[in-house]
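# Architecture and fold: a report
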Amino acid sequence: MNIIVDAMGGDNAPDAIIDGCVEAINMKEGFNITLVGKSEIIENNLSKKEFNKDRISIVNATEVITGEDTPTKAIRGKKDSSMVVGMKLLKENKGDAFISAGNTGAIMTGALLIVGRIKGIDRPSLPALVPSKKDMVLIIDAGMNTVCKPINYLQFGIMGSIYMKLIYKKEKPKVGLLNVGSEDAKGNDTLKQAFSILSSSQINFVGNTEGNNIPGGDIDVAVCDGYAGNVALKLYEGAGSLFLGELKKLFTSNFFTKLCYLMLKPFFKNFKTKFDPDVLAGAPVLGVNGLVIKSHGSSKAKTIRYAILNRAIPLIENGVVNEIKDQFKNMEVDSSDDKID
């Protein structure tokens, strides 16, 4: 198993990215890493660290795609960037996954232009995992497609079901259509058509679902367009941060609350981990012909470590990409709006 990592992508690159890769290597056997970026910088960083030198290789790339770059121009113009070179390695089957914390738009564009769309997929999507009362819930799409056609919601539901079945062992994941109400007739025309298509599909569609059903754990997959999904995800993250912050203030307000905190510290550590965006890091671009994983731009070493150990490796081992290929190989799609300017 070989995981390709964009060493130059992200706000804290390259040091945090390289540190996270070394931490992952030192914690688990059974995989190697290819770091892509400016070789001299990477080599200098690695020379100061203790790890199995046989498990990390370097591929030189002289350019960097920054957060200010226009995605399509960057992918087409910066041919020797760490992101483009890394995705080409994935395309050439020289790795099993590609991870980057770089420019989100460029990652999405590169995934389509370089890695390519799976046959039968109308639009790839970006899922996001969030905790609930019962288990994890997958929000799909979480920001890649802000405007969708009815058929996209079905395909998101199929891909989300495959993800939850293979990774979280849900035999029949419950799929809900995120809407402004739970009644069948709710929503605009697109959502009504999506409801109809989902209702007649083979997936375990449980109907329209409201936002409160996500933390409630009443569904396993929340299907939505990228606009609603991203708003839901960011609100979720913000509410979690607020809640944890208020708890911290409560338990540090006086001597007695501090004493209570010390007694409960192990339990709160587990609780905090459940909402930690670094632990939940790494969203695969589902629907492209290879495993491309987006980590958030402010990724720290811890974030990259979790993206490798908790996302890339399980997705590779469970064959999520191949299962999506099998499910969609006979599906017809309309590619009239697939052009990227």
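Residues numbered from 1 in each chain as written. Predicted model: local features only at pLDDT ≥ 70, side-chain atom pairs only at ≥ 80, totals over all residues. Heavy atoms only, no water.

## Quick notes on the packing of aromatic side chains
- The final tally for this structure, using the stated rule, is 3 aromatic pairs.
- Ring geometry for F251 versus Y261: centroids 6.2 Å apart, planes at 50 degrees, classification tilted. On the criterion of sequence distance, the pair formed by F251 in helix α9 (residues 226–251) and Y261 in helix α10 (residues 255–275) is long-range, its members being 10 residues apart.
- Judged by its relative accessible area of 31%, Y261 falls in the partly exposed class.
- Ring centres of F255 and F256 lie 5.5 Å apart, and the angle between their planes is 75 degrees; on these two criteria the pair is classed as edge-to-face. For the residue pair F255 and F256, the accessibility class agrees, reading exposed in each case.
- Here K53 stacks its cationic end above the ring of F51, 4.5 Å away from the centre of that ring.
- Above the face of the Y306 ring, R305 is positioned so that its terminal group lies 5.0 Å from the ring centre. (Phe/Tyr/Trp six-rings, centres within 6.5 Å; stacked < 30°, edge-to-face > 60°. Helix = DSSP H or I, 4+ residues; strand = E, 2+ residues; numbered from the N terminus. Buried < 20%, exposed > 50% of the residue type's maximum accessible area, 1.4 Å probe, protein only. Lys NZ or Arg CZ within 6 Å of the ring centre and 35° of its normal.)

## Re the pattern of salt bridges
- One pass over the structure, following the stated rule, counts 14 salt bridges.
- The residue D69 makes a salt bridge to K78 at a minimum N-O spacing of 2.8 Å.
- The exposure class of K78 is partly exposed, given its relative accessible area of 22%.
- One salt bridge in this structure joins K249 and E246, with 3.1 Å as the shortest N-O distance. One end of the pair is K249 and the other is E246, both in helix α9 and 3 residues apart, which spans about a single turn.
- Judged by relative accessible area, which is 54%, K249 ranks as exposed.
- You can call E246 partly exposed: its relative accessible area is 40%.
- Linked through salt bridges whose partners overlap, the residues forming this network are D122, R123 and K149. (Salt bridge = Lys/Arg side-chain N within 4 Å of Asp/Glu carboxyl O.)

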